[in-house]
Amino acid sequence: MESPQHATASHGGLSVRIADVDAHYARVKAAGARIDSEPTDQPYGLREYGVRDRENHRWWFSSPLV
């Protein structure tokens, strides 16, 4: 297997539900993470943002909208 670090296309990702997506986003951004998208309310009932790790894997963190 090869690292996706230099891949030209995304191969997948992981979605994680957390209690407070905005607080999580603030900590991750302050730590210098590579942000793909800022927290946004989605029509499917989640507030989520996207980020990539050092190997270029995509992660989405979300909280349910109340």
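Up top is the structure these notes are about.
If you're wondering where the values come from, they're calculated on a predicted model, not measured in any experiment.

**Observations concerning the environment of Q5**
Consideration 1: Examined against the element boundaries, Q5 turns out to sit in the segment before β1 (13-17).
Consideration 2: Exposure remark for Q5: the relative accessible area of 41% places this residue in the partly exposed category.
Consideration 3: Sequence separation between Q5 and R52 is 47 residues; the distance between their C-alpha atoms is 10.0 Å.
Consideration 4: In contact with Q5, other than residues within four places in its own chain, are R54, E55 and N56.

**What to know about the pairing of strand β2 (residues 34-41)**
Consideration 1: When β2 meets strand β3 (residues 46-52), the two strands line up antiparallel, connected through five bridges. Within the sheet, the bridge partner assigned to S37 lies in β3 and is G50.
Consideration 2: Linking two consecutive strands that pair antiparallel, namely β2 and β3, is a turn of four residues; a positive phi of about 90° is found at G45 within it.

**Re the packing of aromatic side chains**
A ring pair, where both rings are aromatic, is described by two values, the distance of the centres and the angle of the planes.
Consideration 1: Scanning the model with the defined rule gives three aromatic pairs in all.
Consideration 2: Aromatic side chains Y25 and Y49 sit 5.1 Å apart centroid to centroid with 75° between the ring planes, which places their arrangement in the edge-to-face category. Taken together, the positions of Y25 in helix α1 (residues 21-30) and Y49 in strand β3 put the pair 24 residues apart, joining distant regions of the chain.
Consideration 3: Classification of Y25 by relative accessible area gives buried; the value is 10%.
Consideration 4: Classification of Y49 by relative accessible area gives buried; the value is 0%.
Consideration 5: Where W59 meets F61, the ring centres are 6.0 Å apart and the plane angle is 5°; that geometry is what we call stacked.
Consideration 6: Ring-pair connections join several aromatic residues into one group, and the members of that group are Y25, Y49, W59 and F61.

**Examining the pairing of β1**
Consideration 1: Within β1, only zero of the five residues are buried, which leaves it mostly out in the open.
Consideration 2: Bridge count for β1 against strand β4 (residues 58-64) is five bridges, and the pairing is parallel. Of the residues in β4, the one forming a bridge with V16 is F61.

**Looking at the side chain of N56**
Consideration 1: Along the chain, the position of N56 falls in the loop between β3 and β4.
Consideration 2: When its relative accessible area of 12% is taken as the criterion, N56 is described as buried.
Consideration 3: Side chain to side chain, N56 and R52 meet in a polar contact 3.2 Å long.

Definitions and cut-offs
In this numbering scheme, every chain counts its residues from 1 along its sequence in written order. Given that this is a predicted model, residues contribute local features only at a pLDDT of at least 70 and side-chain atom pairs are listed and counted only at 80 or more, while totals for whole chains, interfaces and linings are drawn from all residues. The side-chain values count all of the structure's non-hydrogen atoms but skip hydrogen atoms and water molecules. Numbering of helices and strands runs from the N terminus, with a helix taken as a DSSP run of H or I at least four residues long and a strand as a DSSP run of E at least two residues long. When a residue's accessible area, from a 1.4 Å probe over protein chains only, is under 20% of the maximum for its type it is buried; when over 50% it is exposed; and in between it is partly exposed. Any pair of residues with heavy atoms lying within 4.5 Å of one another is described as a contacting pair. Any two strands between which DSSP finds at least two bridges are classified as paired. By convention, a stacked pair of Phe, Tyr or Trp rings (six-membered ring in the case of Trp) has centres within 6.5 Å and planes under 30 degrees apart, an edge-to-face pair has planes over 60 apart, and any other such pair is tilted. Definition of a polar contact: a pair of N or O atoms within 3.5 Å, with one able to donate and the other able to accept a hydrogen when the atoms are protein atoms, and with sequence-neighbouring residues admitted only if both atoms are side-chain atoms.

So far we have only geometry, and geometry alone does not tell us how the molecule works.
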